Structure formats: structure tokens, C-alpha cells
Amino acid sequence: MSVNTPDRPSEPMTTAAEPSRVLVVEDEETLLFTLAHNLRREGYHVTTATRGDDGLRLARETNPDVIVLDLMLPGLDGLQVCRLLRKDSQVPILMLTALGGESDRVRGLDTGADDYLPKPFGMRELLARIRALLRRAKAPAPAQAGSEIIVSGDLEIDTARREVRKNGEILRLKPKEYDLLQFFVQHPARVFSREQILDEVWGFDYFGGPRTVDVHVRWLRQKIEKDPADPQRLRTVRGSGYLFEG
């Protein structure tokens, strides 16, 4: 049977709150069993699927807090599942891949995965990455005394509403795209390395590499630059990082 939806674990992580829900989509049954077993031991409520189409359906039906998604799957592959989910969901996605090349990992990030983990991996690392994704997803937004509007050229950033307008039109930004833009706008004319940007925008506990920054910068340029291929606002400083000019 390709899908297994277990009962809630008998020993949840806390008594004060419902356990976090994890959906694992992996077609290698031995690995799937190992992942589900260890996650349940940690107190998570685990749902599993062995096919990409089943995983997509369960993601929409069960509304998990985080998804562990294999890249190579029958039905729909992990990239297709991720792409379809990103049309209407910002659920954190940890992608597993047996492909070790950087281009393969970047493809996952380009599609919308939040983190990736190459096989083989240690269970402690996987659990740590899941905890990090959950912390970032559940972190409360900073308290705002009121609506602060930051103006930078044709951009208006409403920090209370987390909205961005360009020439009066609302831009549809992903959460990390917004965070990245606000960081740059608040620190204009300064060069930041990819590692500095990761620490400031993603946090010190983020496990992904600097290519994550490149991917999000490319997405952001497509929305704020007149010509993304020749950016004038969010510029690359060769050998150093990125510089924002309003």
C-alpha cells in the first residue's frame, strides 16, 4: 500500500500543544520506515507516502507543519510536487536527494525547497534540520508599534503588513523574498557576503549553503528590476557578495 496515515503518537513532544505534523514522501521503503520510526520516537505526528502524487494529495489534505520530500519518486517526482505545492502553500520542505551535484541541489531550491539533504545522511542531522525549519516557520513576527512605510525609489515596503508595492502595485513575494528585500532596503549601499546574508535573513541555525542566497536574489530581481539580466538595484559585487542601491 502506497500511503500510511498513522494514529497520533502516544507520547507527544509536549502536553501543552499538539505535536508537529511531518509528512514524509519517500519511495525506498526501508528508509521510509526508518525515518517514520525515528520521527515518531521524537514525538512527531507522521504521515507517509511512497509516491509523489500521493504525497501531494496528503500535503493538501493534512496540512503538515513540514514535509520531507525525496527527489526521485514514482508518479510525480519531488521537483514536480514542490513546484505544485508552492502555488498555494509555504509549508517548509526538506528535500532528500541521492544526486550529489550542486546543480541538482540548486534545482530543488529553485523550485521552492527550503533546505536539502544529500543521501546518505545521519538521522541526527535530519532531525536537527527539521527542528530548524519548524523554529523558523513558527517564529512570531516582530511586534510592530504601527505601520512603517519604507520608500526606496519606486518601492514601498509596509513592514507591519509585510507588503511591497512597486509603482503602487502589490508584488507577490515569498516570505524569504520579503525578508531579503527588507534587509537590503534597511542596509543600502553596503556590501554583504552570502554568509552574512544567510546569518541575518535565514538565521544562524540554517543548514543550507550560500547558493540559497543566489536563488532568492535571482527571484527578487525578477520582481523589482526593470531588466533582471542587467540589475541596477540589487547588484552583484564580484568576489564579495551583494549590494543594494535604492
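Residues numbered from 1 in each chain as written. Predicted model: local features only at pLDDT ≥ 70, side-chain atom pairs only at ≥ 80, totals over all residues. Heavy atoms only, no water.

Another aspect to go through is the overall build of the chain. Helix and strand content of the chain: 8 helices and 13 strands. Considering only intrachain contacts with a sequence separation of at least 6, the fraction spanning at least 24 residues in the chain is 58%. A total of about 12900 Å² of accessible surface is found on the chain, and carbon and sulfur atoms cover 47% of it. (Helix = DSSP H or I, 4+ residues; strand = E, 2+ residues; numbered from the N terminus. Contact = heavy atoms within 4.5 Å. Areas by Shrake-Rupley, 256 points an atom, 1.4 Å probe, with all protein chains shown as cover.)

Of all the positions in helix H2 (residues 52-62), only Gly52, Asp54, Gly55, Leu56, Leu58 and Ala59 are classed as buried. Following H2 by one or two positions, Asn63 adopts a phi angle in the positive range, close to 50 degrees. (Buried < 20%, exposed > 50% of the residue type's maximum accessible area, 1.4 Å probe, protein only.)

Take the environment of Gln196 next. In this structure, Gln196 sits in helix H7 (residues 194-202). Along the chain, Gln196 and Pro210 lie 14 residues apart, while their C-alpha atoms are 9.5 Å from each other. Polar side-chain contacts of Gln196 include one of 2.9 Å to the backbone nitrogen of Ser193. (Polar contact = N/O pair within 3.5 Å; in protein donor to acceptor, adjacent residues only side chain to side chain.)

Moving on to H7. Burial in H7 covers these residues: Ile197, Leu198, Val201 and Trp202. Taken end-on, H7 shows its buried residues confined to a sector of 105 degrees, consistent with a single buried face. Contact partners of the buried residues in H7: helix H5 (123-138), helix H6 (175-186), strand E11 (191-192), helix H8 (211-224) and strand E13 (241-244). After H7 finishes, the residue Gly203 shows a positive phi value of roughly 105 degrees. (Arc of directions from axis to C-beta.)

Packed helices, taken two at a time, are described by the angle between their axes plus the distance between the axes. Where H7 contacts H8, the axes come no closer than 9 Å and their chain directions differ by 75 degrees. In terms of orientation, H7 lies roughly perpendicular with respect to H8. For the pair H7 and H8, the contacting residues are Arg194, Ile197, Leu198 and Trp202 in the first and Thr212, Val213, Asp214 and His216 in the second. For the contact of H7 with H8, the per-class residue count stands at 4 nonpolar, 2 polar and 2 charged. (Axes fitted to C-alpha atoms, helices over the stretch in contact; angles between N-to-C directions. Parallel < 35°, antiparallel > 145°, perpendicular 65-115°, else oblique. Nonpolar A, V, L, I, M, F, W, Y, C, P; charged D, E, K, R; others polar.)

Now for the nonpolar core. Of all hydrophobic cores here, the largest spans 23 residues; its most connected members are Leu180, Leu181, Phe184 and Ile197. Only strand E8 (155-158), H6, H7, H8 and E13 provide two or more residues apiece to this core. No other element matches H6, which puts 6 residues into this core. Excluding anything up to four places from it in sequence, Phe184 contacts Ile197, Leu234, Tyr242 and Phe244. One finds Val24, Leu39, Val66 and Ile130 within the second-largest nonpolar core, a separate group that totals 21 residues. (Core = buried A, V, L, I, M, F, W, Y, C linked by side-chain atoms within 4.5 Å.)

This paragraph deals with the sheet that holds strand E7 (residues 149-152). The sheet built from 4 strands is open, its strands ordered E7-E8-E9-E10 with antiparallel pairing. Either end of the sheet is taken by a strand with one partner, and the two such strands are E7 and strand E10 (169-170). For E8 and strand E9 (residues 163-166), the ladder comprises 4 bridges, and the chain directions are antiparallel. In the strand pairing of E9, Leu155 is matched with Lys166. Packing of H6 onto the sheet brings it into contact with E7, E8 and E9, and relative to E8 it is tilted by some 110 degrees. (Pairing = 2+ DSSP bridges.)

Let's shift gears to the packing of aromatic side chains. This structure, assessed with the given rule, holds 3 aromatic pairs. Centre to centre, the rings of Phe183 and Phe184 are 5.8 Å apart; their planes meet at 55 degrees, and the pair counts as tilted. Residue Phe184 is classed as buried on the basis of its relative accessible area, which comes to 0%. Centroid distance Phe184 to Phe244: 6.3 Å. Interplanar angle 20 degrees. Geometry classified as stacked. Of the two residues, Phe184 sits in helix H6 while Phe244 sits in strand E13, which places them 60 residues apart along the sequence. Just as Phe184 is buried, Phe244 falls in that class too. Grouped by ring-pair contacts, the aromatic residues Phe183, Phe184, Phe192 and Phe244 constitute a single cluster. (Phe/Tyr/Trp six-rings, centres within 6.5 Å; stacked < 30°, edge-to-face > 60°.)

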